[in-house]
Amino acid sequence: MSEHTDPPAPSIMSSPGRGGDDRPRILFVDHTAALGGAELYLSDVAEAYRATAAAFLFQDGPLRSRLEDRGVPVHVFEAPAALDNVRKGSSIGRAAAAVPALVRVSVAIAQTARSFDLLFANSQKAMICAGPAAAWTQTPLVWCLHDLLTEDHFSRLNRWVATRWANLFASGVLVNSEATRSAFIEAGGDGRRTALAYNGINTALFDDAVTDSAALRRDLGIPADAAMLGVFSRLAPWKGQHVAIEALDHLPGAHLLLVGDAMFGEDAYEQRLQSMAARRAVGDRVHLLGFRNDIPRLMKAVDVVLHTSTSAEPFGRVIIEGMMAGTPVVATMGGGPDEIIEDGETGRLVPAGDPEALADAINHVLTGEDGDLVDRARRQAEARFSRAAMLRDVDQHLRDVLAETGVTPTSGHCARPGARVSSD
Ligand code: UDP
């Protein structure tokens, strides 16, 4: 597997005219070290602050080396298993059993936080653990919310705890789409603390990627004239890879690449996809490639990039990546995709969980009748979802939080955790 070299994120500079180095010292906190979309985002953001930042992870894994390779020092504090066992739909009993573990992790974060100006929690578990640490050490906390806090994704208890905890401890909440912001407010979160920063991708990765579609087809045994479709997501039921397999019934001869791993304990789903493909006699047209580091190359090689989530997506990095690759994108409507794609102009939106509609949209883009859709998509993606734009918006929010909470970067802090910021 070839690996793309990701050019370094530009380092966040000191503000001109301020005298001295006013780059904030940020401790980035994440509960996982697996490379999901949120962690790929984190590595780009943390890299931009590498001169003054560090990361605090609750486990060891690929994110650690990715951050270290980018010059970000990493503290790993192996969290007790009880914390890992709390999942999105967990009961009160299981959540209560995790409290001692939460305290231990919070204490460890607090010990590390003393040398930083700001805590940046990149996941819900990270925010829950970093909240008390922020209060003890008087360090402002920003929660980067990558999830839609809706009943499709989280239990009522989970939504209640997350929003109340954020209202209590977080001075700012960075949201990755308007959909994410609305769901946060609907679940009881304080909208005045939120600021929007869309994910952004380094376009150079896609400009520089060299692809050889013919060689890929040869390797996978895909005929030269067959349509080659790709889903580029971790394997999970709500990511809807099964819908793409069902769509093959309506797409004779088309082949489907499923790129991604079962990352968060969803191995049974991988088995289900395999047996489903075999049962429908499309096993020879479905190719499970596992987790790959050469997404730009693969996205440029396929004929259509599919996004098949069965419920609303908070953002959907794969959509903007497909647009940057210059490959037509067909995505499920709802949430982030509605904010990214203009249906029929820069991609195609289809209803969730509808394999026939998915196949129709794929057939449509394969005819090429949409004219210069891919050019428009690429221009839009570059204009709205560049890494530079993301870093600018994130930095603005972090500086607003520091100003509002009375912290002067690198000169020690006297924060009021939970103080409100109104950066929007
Ligand atoms: N991705 C990857 N390798 C894979 C599959 C996916 O690097 O094998 C990346 C993909 O390019 C995208 C991210 O994982 O940047 C997924 O982000 P997205 O927002 O689409 O979904 P999430 O995982 O955050 O729910």
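What comes next concerns the included structure. Numbering of residues starts from 1 in every chain and runs along the sequence as written. Reporting in this predicted model follows two pLDDT cut-offs: at least 70 for local features of residues, and 80 or more for side-chain atom pairs to be given and counted; totals over whole chains, interfaces and linings ignore these cut-offs and use all residues. Where side-chain values are given, they derive from all heavy atoms of the structure, hydrogens and water being excluded.

**A closer look at the overall build of the protein**
Where helices and strands are cited, they refer to DSSP runs of H or I of at least four residues and of E of at least two residues respectively, numbered from the N terminus. Along its length, the protein carries 18 helices and 13 strands. Against the globule reference of 22 Å for 424 residues, the protein gives a C-alpha radius of gyration of 22 Å, in line with a compact fold. With the principal axes as the frame, the protein shows a C-alpha extent of 65 × 50 × 35 Å. Three labels apply to residues, based on accessible area from a 1.4 Å probe with only protein chains included: buried if under 20% of the type maximum, exposed if over 50%, partly exposed otherwise in between. Across the 424 residues of the protein, 57% fall into the buried class. Across the protein, the fraction of contacts at a sequence separation of at least 24, relative to all contacts at a separation of at least 6, is 71%. Using a 1.4 Å probe, the Shrake-Rupley method yields the accessible areas, and only the shown protein chains count as cover for residues. A total accessible area of about 16500 Å² is found for the protein, and carbon and sulfur atoms account for 50% of it. Counted as positive: Lys and Arg. Counted as negative: Asp and Glu, with His and the chain ends omitted from the count. In this description, the location of a charge corresponds to atom NZ of lysine, CZ of arginine, CG of aspartate or CD of glutamate. Here the protein contributes 41 positive and 54 negative side-chain charges, whose respective centroids are spaced 6 Å apart. The atom set for the radius of gyration is the C-alpha atoms, and the globule formula is 2.2 Å times the number of residues raised to the power 0.38. Should any heavy atoms of two residues lie within 4.5 Å, those residues are counted as being in contact.

**With respect to the environment of Thr367**
Tracing the chain through its elements places Thr367 in helix H16 (residues 355-367). Judged by relative accessible area, Thr367 falls into the partly exposed class, the value being 49%. A polar side-chain atom of Thr367 sits 2.5 Å from the main-chain carbonyl oxygen of His364. Separated by 3.2 Å, the side chain of Thr367 and the backbone nitrogen of Glu369 make a polar contact. Any N or O atom pair separated by 3.5 Å or less is treated as a polar contact, with the protein-specific requirement of one donor-capable and one acceptor-capable atom, and with residues adjacent in sequence counted only for side-chain atom pairs.

**Overview of a nonpolar patch on the surface**
Note on patches: the residues involved have over 30% relative accessible area and no salt bridge, like charges join within 9 Å, and the nonpolar side chains Val, Leu, Ile, Met, Phe, Trp and Tyr join within 5 Å. Any Lys or Arg side-chain nitrogen located within 4 Å of an Asp or Glu carboxyl oxygen qualifies as a salt bridge. A surface patch of nonpolar side chains, amounting to about 340 Å² of accessible area, comprises Val99, Val103, Val107 and Trp136. Looking at which element gives the most residues to the nonpolar patch, the answer is helix H5 (residues 99-113), with three residues. When you line up the elements, Val107 lands in helix H5.

**Quick notes on the site of the ligand**
Whether a residue is near a molecule or strand depends on its heavy atoms: it is near if one of them lies within 4 Å of it. Neighbouring the ligand are 17 residues, the closest being Arg234, Lys239, Arg292, Arg317 and Glu321. At 3.3 Å, a backbone N or O of Gly37 approaches an oxygen atom of the ligand. In this structure, an oxygen atom belonging to the ligand sits 3.3 Å away from a main-chain N or O atom of Val318. Coverage of the ligand by the protein chains reaches 90% of its 540 Å² of free accessible surface. In the scheme used here, Gly and all other residues not listed as nonpolar or charged are polar, with Ala, Val, Leu, Ile, Met, Phe, Trp, Tyr, Cys and Pro taken as nonpolar and Asp, Glu, Lys and Arg as charged. Tallied by class, the residues present in the shell around the ligand amount to seven nonpolar, four polar and six charged.

**Observations concerning helix H8 (residues 178-186)**
Burial in H8 covers these residues: Ala179, Thr180, Arg181, Ala183 and Phe184. Contact partners of the buried residues in H8: strand S5 (141-145), helix H7 (156-169), strand S6 (172-175), strand S7 (194-196) and helix H15 (336-340). Positive backbone phi, approximately 110°, marks Gly188, located one or two places after H8.

**Thoughts on the sheet that holds strand S11 (residues 304-307)**
We treat two strands as partners when DSSP finds at least two bridges between them. Ordered in space as S10-S9-S8-S11-S12-S13, the six strands form an open sheet in which the pairing is parallel. Whereas interior strands pair on both sides, the edge strands pair on one side only; in this sheet they are strand S10 (286-290) and strand S13 (348-350). Across the sheet, the mean angle separating the axes of adjacent strands is 25° when strand polarity is ignored. In this sheet, S11 lies alongside strand S8 (residues 228-232) in parallel orientation, the contact comprising three bridges. Each bridged residue has a counterpart across the sheet, and for Leu229 the counterpart in S11 is Val304. Lines fitted to C-alpha atoms define the axes, with helix axes restricted to the stretch in contact, and inter-axis angles between N-to-C directions lie between 0 and 180 degrees. Packing against the sheet, helix H10 (residues 213-220) makes contact with S8, strand S9 (255-259) and S10, and its axis sits at approximately 85° to S8.

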